[in-house]
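Next come the chains, spelled out residue by residue.
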Amino acid sequence: MSALAAERGALNLGQGFPDEDGPAEVLEAARQAISDGANQYPPGRGIAPLRQAIADHQKRFRGLDWDADREVLVTAGATEALSASLLAFVDRGDDVVVIEPFYDSYAALVGLAGGRLVPVPARAPDFLPDPDELRAAVTDRTAVILINTPHNPTGAILPDSTLQLLVELAEKHDAVIVSDEVYEHLVFERRHRSIGEFPGARGRAITVSSAAKTFSVTGWKIGWITAAPELVDAVLAVKQFLTYVNGAPFQPAVAVGLALPEAYFRGEAEKLRARRDELTAALESVGFAVNRPGGSYFLVADGAPIGLHDGVTTARRLVDEVGVVGIPVSAFTVAEHRDDFASLLRFTFAKSAATVTAASRQLESFRP
């Protein structure tokens, strides 16, 4: 869809990347680091100032105490954190439980590790998994429970009761939880709860985050995990044979970003909430049913109420007829479940106010 957007000159609300730069002080810190010579291999665990900034950030926002030397690992974005975690803890034939729809790299990473993907559906309109279906999916064959909150592609936030249930299931079946929390600061109506905050999670949960979404620097690829030392060591044993290290001049810049005042983080969420609401109003004006995501920078629009039951066809029509790109949610599911999500489209509002406004006006001209 991104290639189609470029070919047709359409507004790309499909691929989730910002079209604005991040905070000036963070960008300047990267330039300064290059000038200061931070251009060679950093330490394998990440530079000490960034690891300390991550630990301080977790303490400030989550109330969690992590040892910067033993319980923090810097990675090449959240994607490497996820891949190294799965390669570390999934053996051939092991089950990996995911909530469906899911970020598309999850299935590929599980396949790369030789695992078996076990999807648990999260159905419209709230896109939350059924607790009984989670209990049925997690068994003694489960090596990893892979979750994402706030969620891509739906923007749903897992409630505390679900997170606590997942910790209990992981304990019962001796599984590791890998919690993808890259949208942790992009929440609108409530505080983000990290998996590490829940009783029993400390020794079996790996929390994944990154600078990409929070600071609009998706090209820097600076991510991290926080976890108990034995979990970090296992992930590091894999990571050293993937990228080894990465992003030397960007690491001190991200440390600067994590120390920004709370007003910055609140402001980013408030901007996105306004853009969510504007895009929602435009889609609803032509008859789409839209979920109201609690976080991330994605929303889901359902074309079924206006007779649009094939999201792939609808996505192509939107490009051709009004010049706006969305992505069929069926792309985020296993093949045998695509019919369950066939009428849904994902749109991102991680774009400038001008881009979201222009796309909203064009969507309002759509005639189903």
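Quick caveat, the model's predicted, so the values are computed rather than measured.

Draft legend 1. How the structure looks around the packing of helix α10 (residues 262-285) against helix α12 (residues 353-364). Closest axis-to-axis distance for the α10/α12 pair is 8 Å, and the angle between their directions is 10°. One element, α10, and the other, α12, form an angle in the roughly parallel class. Residue-level inspection shows R275, E278, L279, A282, L283 and S285 of α10 in contact with α12, the latter providing A353, V356, T357, S360, R361, L363 and E364. Split into classes, the residues belonging to the contact of α10 with α12 amount to six nonpolar, three polar and four charged.

Draft legend 2. Examining the packing of helix α4 (residues 77-89) against helix α5 (residues 105-113) more closely. At a minimum axis distance of 9 Å, the contact between α4 and α5 shows a crossing angle of 35°. Once α4 is placed against α5, the crossing between them reads as right-handed. For the pair α4 and α5, the contacting residues are T79, L82, S83, L86 and L87 in the first and Y106, L109, V110, L112 and A113 in the second. Of the residues assigned to the contact of α4 with α5, the class counts are eight nonpolar, two polar and no charged.

Draft legend 3. The layout of surface pockets, seen in detail. Within this model, the largest pocket holds a volume of roughly 490 Å³. If you trace the largest pocket, you find 23 residues lining it, with G16, Y103, N152, Y183 and K213 closest to the centre. Broken down by element, the lining of the largest pocket gets its largest block of residues, four residues, from α4. Among the residues making up the lining of the largest pocket, the classes are represented as 10 nonpolar, eight polar and five charged. Along the walls of the second largest pocket sit 16 residues, with H185, V187, R190, R266 and A269 positioned nearest its centre. Among the elements of the structure, α3 (48-62) and α10 are those that each provide at least two residues to the lining of the second largest pocket. Per-element tally for the lining of the second largest pocket: the top contributor is α10, with six residues. In the lining of the second largest pocket, the residues fall into five nonpolar, two polar and nine charged.

Draft legend 4. Empty space enclosed by the protein, seen in detail. Scanning the entire structure with this criterion turns up three cavities of 30 Å³ or more. Taken as a whole, the largest cavity spans an internal volume of roughly 80 Å³. For the largest cavity, the lining is made up of 13 residues, of which I99, I147, N148, H151 and L158 are closest to its centre. Those elements that provide at least two residues to the lining of the largest cavity are β3 (95-100), β5 (128-129) and β6 (142-148). For the lining of the largest cavity, the class distribution of residues is 11 nonpolar, two polar and no charged.

Draft legend 5. View of the nonpolar core. By size, the foremost hydrophobic cluster in this structure holds 58 residues, and its most contacted members are V144, L146, I206, L279, L283 and F347. If you look at the next biggest cluster of nonpolar residues, it comprises 29 residues, including V138, I147, L158 and A205.

Reading guide: rules and limits
- Residues numbered from 1 in each chain as written.
- Predicted model: local features only at pLDDT ≥ 70, side-chain atom pairs only at ≥ 80, totals over all residues.
- Heavy atoms only, no water.
- Axes fitted to C-alpha atoms, helices over the stretch in contact; angles between N-to-C directions.
- Helix = DSSP H or I, 4+ residues; strand = E, 2+ residues; numbered from the N terminus.
- Parallel < 35°, antiparallel > 145°, perpendicular 65-115°, else oblique.
- Contact = heavy atoms within 4.5 Å.
- Nonpolar A, V, L, I, M, F, W, Y, C, P; charged D, E, K, R; others polar.
- Left-handed = near helix turned anticlockwise from the far one by under 90°.
- 1 Å grid on protein atoms, 1.4 Å probe; cavity = no way out; pocket = protein on both sides within 12 Å on 5 of 7 lines; lining within 4 Å.
- Points joined across faces, edges and corners; volume = space filled by probe spheres on them.
- Core = buried A, V, L, I, M, F, W, Y, C linked by side-chain atoms within 4.5 Å.
- Buried < 20%, exposed > 50% of the residue type's maximum accessible area, 1.4 Å probe, protein only.

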